[in-house]
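# Commentary on secondary and tertiary structure
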Amino acid sequence: MTDPLVVDGLVDFLAGNPVFVGLLVALLLFVFFGYLLVRRTLLGLSEGYDEARR
């Protein structure tokens, strides 16, 4: 079980550093949309190869 003091310390840190939270959110969004972009590109490439074979 997680110690409540650790959770309180983490919440206090995040609440006291809004710039850090913003950068963290931006980084997570960048990784998420990058993943979706690469996935879409590779699936489209695979579909194009399959259509060319037919």
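Coordinates for the structure precede this section.
Residues numbered from 1 in each chain as written. Predicted model: local features only at pLDDT ≥ 70, side-chain atom pairs only at ≥ 80, totals over all residues. Heavy atoms only, no water.

### Quick word on the packing of aromatic side chains
Counted under the stated rule, the structure contains two aromatic pairs. With a centroid separation of 5.5 Å and an interplanar angle of 65°, the aromatic rings of phenylalanine 13 and phenylalanine 20 are classed as edge-to-face. Given the relative accessible area of 42%, phenylalanine 13 is considered partly exposed. Taking 5.3 Å as the distance between ring centres and 65° as the angle between the ring planes, the aromatic pair formed by phenylalanine 32 and phenylalanine 33 counts as edge-to-face. Owing to a relative accessible area of 44%, phenylalanine 32 belongs among the partly exposed residues under this scheme. (Phe/Tyr/Trp six-rings, centres within 6.5 Å; stacked < 30°, edge-to-face > 60°. Buried < 20%, exposed > 50% of the residue type's maximum accessible area, 1.4 Å probe, protein only.)

### Points about the environment of leucine 27
Assignment of secondary structure puts leucine 27 in helix α2 (residues 18–53). With a relative accessible area of 51%, leucine 27 lands in the exposed category. On a C-alpha basis, the gap between leucine 27 and threonine 41 in space is 21 Å, while along the polypeptide they are 14 residues apart. (Helix = DSSP H or I, 4+ residues; strand = E, 2+ residues; numbered from the N terminus.)

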